[in-house]
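The lines below spell out each chain.
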Amino acid sequence: MSRERLYLFDTTLRDGAQTNGVDFTLADKLAIARMLDELGIDYIEAGYPGANPIDTSFFAEKRPLQARVTAFGMTRRPGRSTSNDPGLAALLAAEADAICFVAKSWDYHVRVALETTNEENLASIRDSVRAAKAKGREVLLDCEHFFDGYKANPAYALACAKTAYDEGARWVVLCDTNGGTLPHEVEKIVGEVCKQIPGDHVGIHAHNDTEQAVANSFAAVRAGARQIQGTLNGLGERCGNANLVSIIPTLKLKADYAGKFDIGVSDEALGHLARVSHALDDILNRAADRHAPYVGESAFATKAGIHASAIMKEPKTYEHVAPEAVGNKRKLLVSDQSGRSNLLAELDRIGFSIDKDDVRLGRLLDEVKEREAVGYAYEAADASFELLARRLLGKVPHYFEVEKFDVNVEQRINAKGERVSVSQAVVKLKVGDEELISVAEGNGPVNALDLALRKDLGKYQSYITGLELTDYRVRILNAGTEAVTRVLIESADESGDHWTTVGVSSNIIDASFQALMDSIVYKLVKSGAPA
Ligand SMILES: [Zn+2]
């Protein structure tokens, strides 16, 4: 059976960029666009030319991408001609393959927000589509508030969509702008629209205000729509947009969709999806959502011992898709509840084959349990677990030794009369026969310690240049009689790998030091640094 083409439209750089706290530079935008292009996205909506200098410069030149680079903007303003509207002029001048106009499709908004008549709004849609077509652009119309508008005045909402389609717009996109529409409503309304406009010209743009943006996108596809708009990791204002990182694997791996539709994302590109998702988090300087479907660290994690032994025999028993398909990996949690089978499976995954009756296995299990009892969390800290296992099995080289460190926090009045606090760390290291002393200042004591530790590792320095701290989490625990601090540090390197290490102590600096050391040693092991 021949499959139908379903198109993916990414608006991370436009709608996603409207998220609170998100500020893409031009370099960020170009990097994300390249990533989306490699993934196989059909349309990349890169911004709103004329609205800000970054978007204007993005569209100042032709970008060498396979995807259709799309510029976003408003239809001509009411009461003006297309030749006398600076906003529209900027949009038409943009170096873009496609133009996505946004227009009101709810009569209430036409009256209250636009302060014009229904007829003038239709004329504005018609004139704008015509002007963009005349410039040789592919045209899309985002029908803002379409579902709310349809519920209030179906004939008018449809007339807005139909006007654009009749004028030659390639796509009419139905937007759930306020994000409150439910899947059964989307399915019904899109079905009605598709009786007037062929479904292969209809798109869906869903927001996640009832946490159903992904479900709403699929509801629209079931009803006939053939373009899905969304963002990486569901980035977007309020509760976000439809998450393409969840939509893509569902389209590729679930038989109902995979058997019916082709998308631009290849199996190979799908295998890099987790990396793409994490790369966006890195650019945003955010910690990855470990519970994200398909790509989260916990998406294929199993805890209880009985499940783990079944998973080792037959992964399908507890997994809805193969983790490798989306670039993720199976994870068997090593925790105080874990049995030997969890431990064996985890050791196997990190490349140790050890007999299930080996005495060292029992020793490792006891060690994990003892350490977890005082606050270590190995199921969150995969890299610290791996080092613990490697150490017990005698496979971690002795790279270097920290002979002593000293961290100093000073609060003083600076030359401007302001109260400032300055942290400084001094670390004395021994690498082979070489003695090294590093001093660094940081914005806090842990930052200073981290900088000093990584400043000069002598002959190992070249192995850790790509090492970067991406997240730092502190928790106070009540273990036994005294409160202790647990520090989890997430690190990444130039290859895009992420790992987490843990430290526990009654002293936060000491706990941080342990986690930092584990991260550095893990990186050296991972990079194959010689002893
Ligand atoms: Zn939106």
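For the structure, see preceding data.
What you are looking at is a predicted structure, and each value in this text was computed from that prediction instead of being measured. (Residues numbered from 1 in each chain as written. Predicted model: local features only at pLDDT ≥ 70, side-chain atom pairs only at ≥ 80, totals over all residues. Heavy atoms only, no water.)

Caption draft 1: Local environment of the packing of helix 18 (residues 445–455) against helix 19 (residues 508–526). Packing of helix 18 against helix 19 leaves a shortest axis separation of 10 Å and a crossing angle of 35°. Between helix 18 and helix 19 lies a crossing of right-handed hand. Of the residues in helix 19, those touching helix 18 at Pro445, Val446, Leu449, Asp450, Leu453 and Arg454 are Ile509, Ser512, Phe513, Leu516, Met517 and Ile520. Each residue belonging to the contact of helix 18 with helix 19 can be placed in one class, and the counts come to nine nonpolar, one polar and two charged. (Axes fitted to C-alpha atoms, helices over the stretch in contact; angles between N-to-C directions. Helix = DSSP H or I, 4+ residues; strand = E, 2+ residues; numbered from the N terminus. Left-handed = near helix turned anticlockwise from the far one by under 90°. Contact = heavy atoms within 4.5 Å. Nonpolar A, V, L, I, M, F, W, Y, C, P; charged D, E, K, R; others polar.)

Caption draft 2: Just unusual backbone geometry, in detail. The phi dihedral of Glu211 falls on the positive side, at around 55°, and the residue is not glycine. For Asn233, which is not glycine, the phi dihedral falls at a positive 60°. Mapped onto the secondary structure, Asn233 falls in the loop between strand 9 (227–230) and helix 10 (244–253). On the basis of relative accessibility, which here comes to 24%, the residue Asn233 falls in the partly exposed class. (Buried < 20%, exposed > 50% of the residue type's maximum accessible area, 1.4 Å probe, protein only.)

Caption draft 3: Representation of the pattern of salt bridges. Per the stated rule, a full pass over the model turns up 37 salt bridges. Residues joined in a network through salt bridges with shared partners are Asp493, Glu494, Asp497, Lys523 and Lys526. (Salt bridge = Lys/Arg side-chain N within 4 Å of Asp/Glu carboxyl O.)

Caption draft 4: How the structure looks around a nonpolar patch on the surface. On the surface, a cluster of nonpolar side chains totalling about 330 Å² of accessible area is made up of Tyr472, Val474, Ile476 and Ile508. Per element, the largest residue contribution to the nonpolar patch is three residues, and it comes from strand 16 (residues 468–479). Considering the arrangement of structural elements, one finds Tyr472 in strand 16. (Patch = residues over 30% accessible without salt bridge, like charges linked within 9 Å, V, L, I, M, F, W, Y side chains within 5 Å. Areas by Shrake-Rupley, 256 points an atom, 1.4 Å probe, with all protein chains shown as cover.)

Caption draft 5: Spatial organisation of the environment of Leu251. By the secondary structure assignment, Leu251 is in helix 10. Note on Leu251: relative accessible area 3%, which makes it buried. Residues within four places of Leu251 in sequence aside, it is in contact with Leu6, Leu8, Phe218, Ile228, Tyr257, Ala258 and Ile263.

Caption draft 6: Quick look at the environment of Asn243. Positionally, Asn243 belongs in the loop between strand 9 and helix 10. In this structure Asn243 comes out as buried when scored by relative accessible area, which is 16%. Through-space distance from the C-alpha of Asn243 to that of Leu273 is 12 Å; in sequence the pair is 30 residues apart. Setting aside residues no more than four positions away along its own chain, Asn243 makes contact with Val214, Thr231, Leu232, Asn233 and Gly234.

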